[in-house]
Amino acid sequence: MTLILAAIALLGVCIGDINAFSTPPRCRSQRQPIIITSTSHFGGGGFGASKSKVVPSKKKTKKPKKSKSAGFLDELEVSTSSSSSRSASQISSSSPKLDRFGLPVPTEEDIFPPLAPDITRIPSNKDHDFNREEVADAIKNHLGINLNVFDEDGLSMHREQNGKSSESTRWSLNLLHKDPPVFQIDNFFTEEECESYKSMVEPNDNEPPKAFQITSPTFSSLSISRRTSTTWFCKYDGVTTLLSKGQQLLSVGLSQMEEPQIVRYRTGEEFSWHYDEIPSTQLSNGGQRLATLLVYLNDMEEGSGGGTVFRDLSPPTVSSRNGKRKRSKGPANSNTNQLTVRPKMGTALLFFPSYKDGTPDVRTLHKGEVALDTKMIAQLWIHEREYRAAVPEGNRQTDAMDGVKQEAARLGFL
C-alpha cells in the first residue's frame, strides 16, 4: 500500500512538471499586425535581416540513472517527451516568420495587396484599327500623347532611314490597354540608334563617357523589390535622340526630364514587382513622375523571359464568332492572364505611373521578368515640374538643348 501511494505521488510530480512547460494562455504567441514603418528605422539588413546568433546553453543537467527494465513511470516520461516535441514542432511550423524586431516579415501580398474588384480596368479591343478618338479618351486624365505627330492610321508623320536599308520606317502607335493607358510604339528607335545606345556602356578610350554606371539605383537600399540589373545614368547632351523623340511624343519640356538611363539585365537578373512613382519624401524635386518611356534595345525571343509584366492589367481582347470577347494571343502577350510586353529592338513602351495631377495610379504595378539572356533598355521619366539632375555631377538639361533641336530638325519635326 505504501508503494502504491508513493507511485501516485511521484506521478503527480511528473504531471506537474509537464504542466510547468506549457505556455500560459496570456503568454502564448499571437499574430501581430503587419507594421511597415519608414525604412530609416530599419538596420542595414532590411526586412527580416538579423546577424544575431543563437548560443546553445552550456548548463549541465544530471543524467537520470538507468534502470534494468522500463517501468510504468519510464514509459510515461518517454510518451510525454515525444508529445511535447510534436507540439513544439507544430507550433513552430504554424507561427509566422518574425524579423529581428519580433514583427511578422512582410510578404509580397502585404506590400502589394490585390486590387479591389471595383477598381476600373479596361483592356483595349484589337477588333478595330487605330482610333484617334479612343486614344484621346484613354489619355484624358494623364499626361497624354502628342497626337499631332500621328496620322489617322496611327503612323508618324515623319520617316526615318532604317540602317543601311533603303526602306524608311515610321512610328506605329498601338493602344495595349485603355484604362489605365498603356502604349506600344513600334519603330521608335532605328536599328542603328539601338546599337549606338548599347555601345555607350562599353569602355571607349577615344571619347569622353556619355553614361556612368550606378549600382542598382533605388530610392532605398532597403526596398522590398529585388533589382539585380546594372544601370548607367546618361549625360543629357549624350542622348539627344532619346530626348528629342520623347519631347515630340509627349509635348514636354526638357526641364521635366529625369536623368536618362540605360539598363542591362544579364541572364538570371530581374526587377520584381514595383511602382515607378516617387516617394512622398522626394517630391520637392520635380514632383511626381507622370510618364515612363522605355525603349527596348534588343530582341528577346519567346521563352527567354525579360518581358515587362503588368500584374493587374489584362491583354487586349478580340471578339469571337459568338460575339463574346476573348484575350488576344498577339506577339506582345506571352502571359494569357497579365498584360506582358515582349522586348523588341527599337520598340518603345509608354505608361503613366500617376495621373496628371500627380496622384499615383495603383493599377500600374509591374515587373521586369527574369531574363534568360541579355536584355538592354533605354528609359526616361517625365516629372510634373522642373527637375534638378544630380547624376553625374554637373549634368544639366540645358546642355542638350541645341542637340535636341538639331535632332528634331533631322527627323522632320521642325
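Rules of the game
Residues numbered from 1 in each chain as written. Predicted model: local features only at pLDDT ≥ 70, side-chain atom pairs only at ≥ 80, totals over all residues. Heavy atoms only, no water. Axes fitted to C-alpha atoms, helices over the stretch in contact; angles between N-to-C directions. Helix = DSSP H or I, 4+ residues; strand = E, 2+ residues; numbered from the N terminus. Parallel < 35°, antiparallel > 145°, perpendicular 65-115°, else oblique. Left-handed = near helix turned anticlockwise from the far one by under 90°. Contact = heavy atoms within 4.5 Å. Phe/Tyr/Trp six-rings, centres within 6.5 Å; stacked < 30°, edge-to-face > 60°. Buried < 20%, exposed > 50% of the residue type's maximum accessible area, 1.4 Å probe, protein only. Pairing = 2+ DSSP bridges. Core = buried A, V, L, I, M, F, W, Y, C linked by side-chain atoms within 4.5 Å. Salt bridge = Lys/Arg side-chain N within 4 Å of Asp/Glu carboxyl O. pLDDT = per-residue confidence, 0-100.

Visitor: Any details on the packing of helix H6 (residues 240–250) against helix H7 (residues 401–411)? Residues and values, ideally.
Guide: Here H6 crosses H7 at 70 degrees, and the two axes come no closer than 8 Å. Viewed along their axes, H6 and H7 adopt a mutual orientation that is roughly perpendicular. For H6 against H7, the interelement crossing comes out right-handed. Two secondary-structure elements touch here, H6 through Thr240, Thr241, Leu243, Ser244, Lys245, Gln247 and Gln248 and H7 through Gly403, Val404, Glu407, Ala408 and Leu411.

Visitor: I'd like a rundown of unusual backbone geometry, residues and numbers included.
Guide: Note that the residue after Asp179, namely Pro180, is joined by a cis bond; omega there is 5 degrees. Tracing the backbone shows Pro180 in the loop between strand S4 (172–179) and strand S5 (182–186). A cis geometry characterises the amide bond from Val391 onward to Pro392, with omega recorded as -15 degrees. Its place among the elements puts Pro392 in the loop between strand S17 (375–383) and H7.

Visitor: I'd like a description of the packing of aromatic side chains, backed by residues and values.
Guide: One pass over the full model with this rule turns up seven aromatic pairs. Residues Phe112 and Tyr275 carry aromatic rings whose centres are separated by 5.9 Å and whose planes lie at 65 degrees to one another, so their mutual orientation is edge-to-face. Of this pair, Phe112 sits in the loop between helix H3 (108–111) and strand S1 (122–123) while Tyr275 sits in the loop between strand S9 (271–274) and strand S10 (289–296), placing them 163 residues apart in sequence. Exposure remark for Phe112: the relative accessible area of 11% places this residue in the buried category. Residue classification places Tyr275 among the partly exposed residues on the basis of a relative accessible area of 26%. Aromatic rings pair up to connect Phe150, Trp171, Phe188, Phe189, Tyr197 and Phe413 into one cluster.

Visitor: Outline the sheet that holds strand S16 (residues 366–368), supporting the account with residue identities and numerical values.
Guide: The four strands are arranged S9-S16-S11-S14 in an open sheet whose pairing can be described as antiparallel. For this open sheet the edge positions go to S9 and strand S14 (339–341), each flanked by a neighbour on one side alone. Taking each pair of neighbouring strands and ignoring which way they run, the sheet shows an average axis angle of 15 degrees. Taken together, the two bridges between S9 and S16 define a ladder with antiparallel strand orientation. Within S16, the residue paired with His274 across the bridge is His366.

Visitor: Summarise the nonpolar core; cite the residues concerned and give the values.
Guide: Counting 49 residues, the largest nonpolar core has Phe183, Leu249 and Leu350 as the members making the most contacts within it. Setting aside residues no more than four positions away along its own chain, Leu249 makes contact with Ile145, Asn146, Phe150, Trp171, Ile185, Phe188, Leu293 and Leu350. The next biggest cluster of nonpolar side chains, apart from the first, holds 16 residues, and it includes Val263, Leu294, Leu313 and Ala371.

Visitor: Now, about the pattern of salt bridges: what can you tell me, with residues and values included?
Guide: In total, this model carries 15 salt bridges according to the counting rule given. The partner of Arg410 in a salt bridge is Glu193, with the nearest N and O atoms 3.5 Å apart. Note that Arg410 is positioned in helix H7 and Glu193 in helix H5 (residues 191–199), a separation of 217 residues in sequence. Taking the shortest distance from any N to any O, the salt bridge between Arg342 and Glu369 comes out at 3.4 Å.

Visitor: Give a description of the confidence of the model for the protein that names residues and reports values.
Guide: Overall, the prediction assigns the protein a mean pLDDT of 79, with 69% of residues at 70 or greater. Predicted confidence is poor over residues 329–334, with pLDDT under 50, and the contacts of this stretch with residues over four places away or in other chains come to 13 contacts.

Visitor: I'd like to hear about the pairing of S5, residue by residue, with values.
Guide: With five of five residues buried, S5 lies mostly within the body of the structure. Residues of S5 alternate between two faces, with Val182, Gln184 and Asp186 on one and Phe183 and Ile185 on the opposite face, all of them buried. Where S4 meets S5, five bridges bridge the pair, whose relative direction is antiparallel. Opposite Asn174, over in S5, you have Gln184 as the bridge partner. As paired strands, S5 and strand S15 (residues 348–351) are joined by four bridges and run antiparallel to one another. When the sheet's bridge partners are listed, Val182 is paired in S15 with Phe351.

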